[in-house]
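Letter by letter, the chains look like this.
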Amino acid sequence: MQRRTIHIDESPIRFDLWRRRLPNWLQRFLPSGGGSHEDHHGKGMFGFTVFLLSESIIFLSFIFTYVALRLTTKNWLPPGISGPELSTIVVINTVVLLSSSFVIQPAENALKRNQLKKFRWLWLITIAMGSYFLVGLLIEWKSLDFKITTGLVGSTFYLLTGFHGLHVLAGVVLQIIMLIRSFIPGNYNKTHFGTSATTLFWHFVDVVWVFLFSLLYLWRA
Amino acid sequence: MTHDFSQEITGDRESENSQNQEGNNWQQYFTFNTDHKVIGIQYMVMTFMFFLIGGLLAMLIRAELLTPESNLVDRPLYNGLFTMHGTIMIFLWIIPFNAGLSNYLVPLMIGARDMAFPLLNAISFWILPPAGLLLLSSFFVPNGTAQSGWWSYPPISLQIPGGGLINGEFIWIVSLVLIGISSIMGAVNFMTTIFWMRAPGMTFFRMPVFVWSVLSAQLLQLINLPALTGALILLLFDLSFGTQFFKPDGNGDPIIYQHLFWFYSHPAVYIMALPAFGIFAEVLPAFSRNPLFGYRSVALATLGIAFISIFVWAHHMFTSATPGWMRMTFMATSMLVAIPTGIKAFAWTATIWRSKLHLETPMLFAMGGAAMFIFGGVTGVMLAATPFDIHVNNTYFVVGHFHYIVFNTITMAIFAAIYYWFPKITGRMYAEGWGKLHFWLTFIPANITFFSMHPLGLQGMLRRVSSYDPQYQGWNIIASLASFLLGASTLPFIANIVGSWLYGPRAVDNPWHATGLEWTTSSPPPRDNFEEIPIVKRPPYDYGNPKYSIIENSNNNE
């Protein structure tokens, strides 16, 4: 039997290199100090992105509750209740909401290029699409044969769609504020952060809806 | 190094200070002010008020436990007392105090003029006083405060006596959601400040460990706090709007609440503890004149603790019908936390190893707190072991363990921080003798109080009961009497702080000869913190090289 001493350098994981290099790698990926005090747009967008991170955790906690309850509940639908239907209203609502992302982004780009008129028109269309979604949600709620107190299906459905609808409402209110601000003379630069944040928020609301739509309507009981 | 501070601690700065103090009147602390230093002091003073209230509730609990019978307060009130004690101490004392201290120090330590979003900062603070008062107001609603402990587990928390819409539990949930909103806004602010506002040359590995700790703790606030907010919203719906998420009789699952709750509330322990570790890492090097041992390892261990703590929450649920694979997994991850924490503890020890210690009050509190953390940490590893945890679950052993962490470690660290940065914050020196008296009056009774709980728990005394078997009375009397002494120890502290703030001798800019950036500006710092934004060229703990100061102003280069 031939014996060979394995030196720590020869181990495939190379702990010594990790220990020495990890701090340097981190240093390279993370920004170094200095000079960002006046970058209001950059600071604002960083803060807003971080805020959306924590927003997504609230949604995740609700989705976790929904999935966990759904997987462990034997009689998910109480007798006589058919659950959320993939109706025409829902499909049109989803199409309108998701396509509004492709309207708001050109609007923001137009503002960056100082095309104020184009920005206002596209922005107004986005507001209309968001409002349409909210009205559609209310119509859908009215047409359903169960309430928030009707078993777990009612509790989770109204919680998820209601919380998401609240976010759509907040997005529409932000959009209206930004539209009004765009008419205040000399306010273009100030609106820039607001519009970028609103656009990001709107994309976020859309992405959340993709998950909620799949979980609520496509996952049949 | 043998350097005597006493000569240089005080100095005549009357003339310079009068200039800095213009506009520094007491009324500004009661207004909507956007200066991070004013907000920091507002936070710290307000949370100290809640500390006193929470402490008084604890005295009442201990007084009730002097005798085996329940004869001082009735049981609903006793339930309310321990619920409010826990809630206030966690959500209105330690977490917001750390937010206030970080608010004061982080911009100074990284060389910024203010926080990234000053207006948001003021809003985050001003949410707290109404939320705290709302919580206290629940003592006066019919049927009293929330009574289900600070966990508020359903279905117990859903059993409301009387059943009115406005009840203690409802108020408890609303005020906790408000406090959570304030914390999330604060976390956004801290993250942006630390990432974007650092002075030139202040790279990540030149940041003091305290800033690393704040970064890690606030990251946990961002990632984990929303889960608690989500759980509380669901609980509120169950309580008031007839939903059934957590109602076992309506197919709901109360265990889901426990998952969501502990997903935040376990990391919350580190949200409280990491800033305390950061305080140790500032105070211990300063008073032993040694650089912090293994600075990079300590900084990365801070992030490591934060990261691991996200994956350990179910160790609070070993007795909640948790399946075996989950117990094993979470036992392993919980014990893993001991590695980065151990790195920190060894770094503290190595920092003060063979150095000439200067035993001023901040150092006493920091050393006492760090030593007590070893004890609390060891019982923590014991509790992470599933079989042992099942044995002592819901007994006073657990209460003793976490009071070793939250009082003997974190609150000691907070006192160390108050004494250490007192000259910087107020521009005056505290009275050393009173400080030392406060330390010994805290350290000894605290240890007696919380040590007694360990044998009590091992013998089987349950927590959250107002009457108990007479065999437990001996240790309970010891714990109660020591806790009254512990409560009294706050009096010399208040006298010292208030008296010194008003009449103390003027402090110089850097009484401890510390190397952090915050000591390079005047005491108290001017409105914009620095006359000129410093350029950082040195590592943060350069005590080995006393001739260097940590910064050189751009003027000095030319």
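Small disclaimer: the values here were computed from a predicted structure and weren't measured.

Brief notes about the overall build of chain A
In terms of helices and strands, chain A carries 6 helices and 0 strands. Element order for chain A, N to C, with α for helix and β for strand: α-α-α-α-α-α. Counting only residues that meet the buried cut, chain A has 47% of its 221 residues in that class. When contacts within chain A are restricted to residue pairs at least 6 apart in sequence, long-range pairs at least 24 apart make up 79% of them. Of the roughly 12200 Å² of accessible surface on chain A, a fraction of 68% belongs to carbon and sulfur atoms.

Examining the overall build of chain B
If you tally the helices and strands in chain B, you get 18 helices and 2 strands. Against the 2.2 N^0.38 benchmark of 24 Å for 558 residues, chain B shows a C-alpha radius of gyration of 23 Å, consistent with a compact globule. The principal-axis extent of the C-alpha atoms belonging to chain B is close to 75 × 45 × 45 Å. Counting all 558 residues of chain B, 63% fall into the buried class. Intrachain contacts of chain B at a sequence separation of at least 6 include 83% that bridge at least 24 residues.

A short note on the pattern of salt bridges
Residues and elements named next belong to chain B. Going through the model one piece at a time under the given rule, you end up with 4 salt bridges over all chains. One salt bridge connects Lys37 with Asp35, and the closest N-O pair in it is separated by 3.3 Å. Note on Lys37: relative accessible area 5%, which makes it buried. Across the pair Asp114 and Arg527 runs a salt bridge, and its minimum N-O distance is 3.8 Å. A residue pair is termed long-range when its members are at least 10 positions apart, and Asp114 in the loop between helix H4 (75-110) and helix H5 (118-137) and Arg527 in the loop between helix H17 (490-503) and strand S1 (535-536) qualify at 413 residues. Residue class for Asp114 comes out buried when judged on its relative accessible area of 10%. A residue is classified by how much of its surface remains accessible, and Arg527, at 42% relative accessible area, is partly exposed. Residues joined by salt bridges that share partners form a network here, namely Asp35, Lys37, Asp114 and Arg527.

Description of the interface of chain A and chain B
At the interface, 39 residues of chain A touch 44 residues of chain B. Our count for the contact surface shared by chain A and chain B stands at 0 salt bridges. Counting across the interface, chain A meets chain B through 1 residue pair in polar contact (both at pLDDT 80 or more). Those elements giving two or more residues to the side of chain A that touches chain B turn out to be helix H1 (15-29), helix H2 (40-72) and helix H5 (151-181) of chain A. Broken down by element, the side of chain A that touches chain B gets its largest block of residues, 17 residues, from H2 of chain A.

What to know about the confidence of the model for chain A
Confidence along chain A averages 85 in pLDDT terms, with 81% of residues attaining 70 or more. No element of chain A has a lower mean pLDDT than H1 of chain A, at 63, and none a higher one than helix H4 (residues 116-143) of chain A, at 95.

Thoughts on empty space enclosed by the protein
All names here are of chain B. If you walk through the whole model with that rule in mind, you get 3 cavities of 30 Å³ or more. As for the largest cavity, its lining consists of 19 residues, of which Tyr43, Ile95, Ala99, Ser183 and Gln221 are closest to the centre. Mapped by element, the contributors of at least two residues to the lining of the largest cavity are H4, H5, helix H6 (168-196) and helix H7 (209-240). Here the lining of the largest cavity is composed, by residue class, of 11 nonpolar, 8 polar and no charged.

Observations concerning the packing of aromatic side chains
All names here are of chain B. Scanning the model with the defined rule gives 72 aromatic pairs over all chains in all. Arranged with centres 5.4 Å apart and planes meeting at 70°, the rings of Tyr420 and Trp519 form a pair that is edge-to-face. Of this pair, Tyr420 sits in helix H14 (residues 396-426) while Trp519 sits in the loop between H17 and S1; the two residues are 99 residues apart in sequence, bridging distant segments of the chain. Look at Trp519 and you get buried, because its relative accessible area is 3%. Its guanidinium or amino end placed over the ring of Phe205, Arg296 lies 4.6 Å from that ring's centre, counting from NZ or CZ.

Section: unusual backbone geometry
Residues and elements named next belong to chain B. A cis amide bond, omega 0°, links Pro154 with the succeeding residue Pro155. Its location among the elements puts Pro155 in the loop between H5 and H6. The amide bond that connects Ser523 to the next residue, Pro524, takes the cis arrangement and shows omega of -10°. Non-glycine residue Asn143 carries a positive phi angle of around 70°. Its location among the elements puts Asn143 in the loop between H5 and H6. Assessed through its relative accessible area of 46%, Asn143 is described here as partly exposed. Phi is positive for Asn394, which is not a glycine, with a value near 65°. With respect to the helices, strands and loops of the structure, Asn394 is situated in the loop between helix H13 (386-392) and H14.

Remarks on the side chain of Asp206 of chain A
Residue and element names in this part refer to chain A. Examined against the element boundaries, Asp206 turns out to sit in helix H6 (residues 188-218). One buried charged residue, Asp206, remains without a salt bridge, the closest side chain of opposite sign being Lys112 at 17 Å. Other than its neighbours up to four places away in sequence, Asp206 contacts Leu97, Leu98, Ser100 and Ser101.

Quick notes on the packing of H4 of chain A against H5 of chain A
Residues and elements named next belong to chain A. At their nearest, the axes of H4 and H5 sit 10 Å apart, and the two run at 155° to each other. Relative to H5, the element H4 lies roughly antiparallel. Remark: the crossing between H4 and H5 carries left-handed chirality. Residues belonging to the contact of H4 with H5 are distributed by class as follows: 15 nonpolar, 8 polar and 2 charged.

Considerations on the nonpolar core
Residue and element names in this part refer to chain B. Grouped together as the largest cluster of nonpolar side chains are 232 residues, with contacts concentrated most on Leu101, Ile279, Ile410, Tyr420 and Trp421. The leading source of residues in this core is helix H8 (residues 254-288), at 22 residues. Those residues in contact with Trp421, other than ones at most four positions away along the chain, are Leu101, Leu105, Met109, Ile279, Glu282, Glu518 and Trp519.

With respect to the side chain of Thr322 of chain B
Residues and elements named next belong to chain B. Structurally, Thr322 can be placed in the loop between helix H9 (295-309) and helix H10 (324-336). When its relative accessible area of 10% is taken as the criterion, Thr322 is described as buried. Residues contacting Thr322, with those up to four places away along its chain left out, are Met317 and Arg327.

Comments concerning the environment of Gly380 of chain B
Along the chain, Gly380 of chain B turns up in helix H12 (residues 361-384). In this structure the C-alpha to C-alpha distance between Gly380 of chain B and Phe402 of chain B, which are 22 residues apart in sequence, comes to 8.2 Å.

Here's the deal with the confidence of the model for chain B
All names here are of chain B. This prediction gives chain B a mean pLDDT of 90; 93% of its residues lie at or above 70. Contacts of residues 1-23 to residues separated by more than four positions or lying in other chains number 48 contacts, the stretch itself having pLDDT below 50. In the predicted assembly, ipTM is 0.89 and pTM is 0.89.

Quick notes on a nonpolar patch on the surface
Residues and elements named next belong to chain B. Taken together, Phe375, Trp440, Ile444, Ile448, Phe451, Trp475 and Ile478 make up a surface patch of nonpolar side chains, about 620 Å² in accessible area. Sorting the residues of the nonpolar patch by element identifies helix H15 (432-459) and helix H16 (473-488) as the ones contributing at least two each. Here the element with the most residues in the nonpolar patch is H15; it accounts for 4 residues. Positionally, Ile444 belongs in helix H15. In this structure Ile444 comes out as partly exposed when scored by relative accessible area, which is 46%.

About the cut-offs
Residues numbered from 1 in each chain as written. Chains lettered and ligands numbered in written order. Predicted model: local features only at pLDDT ≥ 70, side-chain atom pairs only at ≥ 80, totals over all residues. Heavy atoms only, no water. Helix = DSSP H or I, 4+ residues; strand = E, 2+ residues; numbered from the N terminus. Buried < 20%, exposed > 50% of the residue type's maximum accessible area, 1.4 Å probe, protein only. Contact = heavy atoms within 4.5 Å. Areas by Shrake-Rupley, 256 points an atom, 1.4 Å probe, with all protein chains shown as cover. Rg over C-alpha atoms; globule rule 2.2 N^0.38 Å. Salt bridge = Lys/Arg side-chain N within 4 Å of Asp/Glu carboxyl O. Polar contact = N/O pair within 3.5 Å; in protein donor to acceptor, adjacent residues only side chain to side chain. pLDDT = per-residue confidence, 0-100. 1 Å grid on protein atoms, 1.4 Å probe; cavity = no way out; pocket = protein on both sides within 12 Å on 5 of 7 lines; lining within 4 Å. Points joined across faces, edges and corners; volume = space filled by probe spheres on them. Nonpolar A, V, L, I, M, F, W, Y, C, P; charged D, E, K, R; others polar. Phe/Tyr/Trp six-rings, centres within 6.5 Å; stacked < 30°, edge-to-face > 60°. Lys NZ or Arg CZ within 6 Å of the ring centre and 35° of its normal. Lys, Arg positive; Asp, Glu negative; His and termini not counted. Axes fitted to C-alpha atoms, helices over the stretch in contact; angles between N-to-C directions. Parallel < 35°, antiparallel > 145°, perpendicular 65-115°, else oblique. Left-handed = near helix turned anticlockwise from the far one by under 90°. Core = buried A, V, L, I, M, F, W, Y, C linked by side-chain atoms within 4.5 Å. Patch = residues over 30% accessible without salt bridge, like charges linked within 9 Å, V, L, I, M, F, W, Y side chains within 5 Å.

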